[in-house]
Structure formats: structure tokens, C-alpha cells
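# Architecture at a glance
Chain residues, written in single-letter form:
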Amino acid sequence: MNDNIKNIIDTINNSFDLEIDYCELLRESSDNRVYFLRSSKKGNFVARISKRDVLPDVKFETEWMEFFAKNGLPVAPIIKTKSGKNFTETDDGKAMIIFKFIEGEHVKIDKENMPRAEYICSAARTLAKIHNLS
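Read on for an overview of the structure. (Residues numbered from 1 in each chain as written. Predicted model: local features only at pLDDT ≥ 70, side-chain atom pairs only at ≥ 80, totals over all residues. Heavy atoms only, no water.)

Here we come to the pattern of salt bridges. Counted under the stated rule, the structure contains 12 salt bridges. Residues Asp10 and Lys6 are paired through a salt bridge, measuring 2.9 Å at the closest nitrogen-oxygen approach. In this pair, Asp10 and Lys6 both sit in helix α1 (residues 3–15), 4 residues apart, roughly one turn of the helix. Its relative accessible area of 31% is what places Asp10 among the partly exposed residues. Using a relative accessible area of 42% as the deciding quantity, one classes Lys6 as partly exposed. For Glu28, the salt bridge is made with Arg33, and the minimal N-O distance between the two is 3.2 Å. (Salt bridge = Lys/Arg side-chain N within 4 Å of Asp/Glu carboxyl O. Helix = DSSP H or I, 4+ residues; strand = E, 2+ residues; numbered from the N terminus. Buried < 20%, exposed > 50% of the residue type's maximum accessible area, 1.4 Å probe, protein only.)

Counting buried residues along strand β6 (residues 95–100), 5 of its 6 residues qualify, which places the element largely inside the surrounding structure. Direction of pairing for strand β3 (residues 43–50) relative to β6: antiparallel, over a ladder of 5 bridges. Within β6, the residue paired with Phe45 across the bridge is Lys100. Strand direction decides the pairing type here: strand β4 (residues 78–79) and β6, joined by 2 bridges, are antiparallel. Note on β6: the bridge partner recorded for Ile79 is Ile98. Bridge count between strand β5 (residues 88–89) and β6: 2 bridges; the pairing is antiparallel. (Pairing = 2+ DSSP bridges.)

Before going further, it helps to examine the pairing of β3. Where burial is concerned, most of β3 is hidden: 6 out of the 8 residues are buried. Where strand β2 (residues 32–39) meets β3, 8 bridges bridge the pair, whose relative direction is antiparallel. Residue pairing for β3: Asn32 is matched across the bridge by Ser50. The hairpin turn running from β2 into β3, its antiparallel successor, is 3 residues long.

All right, on to the nonpolar core then. Among the nonpolar cores identified, the biggest contains 16 residues, and Ile12, Leu18, Tyr35, Leu37 and Ile98 are the most heavily contacted of them. Counting only elements with at least two residues in this core, the list comes to α1, β2, β3 and β6. Per-element tally for this core: the top contributor is α1, with 4 residues. Beyond its immediate chain neighbours, meaning those up to four positions away, Ile98 contacts Ile12, Phe16, Leu18, Leu37, Phe45, Val46, Ala47, Pro77, Ile78 and Ile79. Within the second largest apolar cluster, 9 residues are counted, among which are Met65, Ile78, Ala95 and Phe99. (Core = buried A, V, L, I, M, F, W, Y, C linked by side-chain atoms within 4.5 Å. Contact = heavy atoms within 4.5 Å.)

Structure (C-alpha cells):
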């Protein structure tokens, strides 16, 4: 296990009650790194770690996600820290949010691959709910 992965696992296990024993980078963008996490005792999770100092933005974002969840929108549940916060701060001051892992399938959409009608309808209903809530 490389030092970066070990540091991520240590940060998570110190801040969250998850007992993570495996961590793998899933995706990296210009703003975030997203990791798959596994706890042999508590299941699978996803960690999103910011690359920039966005702590106030993350606080706002997680409050909206909680609002959406309370109002029936399909958002991944946020795992609270041991102290009850929606996210923690890494050693270098970046925001780390942990979500429950939700099984799903990747839907490829391009000129040759159009999504199934039920995916389009589900997305439209969700967007309408977001519009009505805001």
C-alpha cells in the first residue's frame, strides 16, 4: 500500500466510524479525487477529496444534499464524521466527504449510444423535483 493510500485510510478511520481496510483511486478530475473504500465490517463507501481549499463551498453543498435527501431526491447518503459533521479536513486542509456506495451501471451516452427512455424519464423527474424544491 502506498503512503498516500495509507494516509487516506488513516484520516478516514480517525474521523469516521467506518474501519476502512481497502482504498482505491476511482477517478481524478481537476477539482477532486474519488476513491472506492471497503470496510470488511461495514460495507462499501466512496470518498471525494477536494484538490482546492473549498471548505465553505463543501459545507453549502452537503447541506443542499441533505435537504434534497429529506425531500425524496435520489442522492447518495453522506456519512457523518464521529463528531457529526458532513465532512472532515485532510492534513493539507482539503475537504473529504464520504458517501455510501451505491451499486449501479455506467451509461455510455454519445452519438451511437442513446440512453434508454426510462433513464431519460427518471432524470427528467429528478430535475423537475430539484427545480420545484429550489
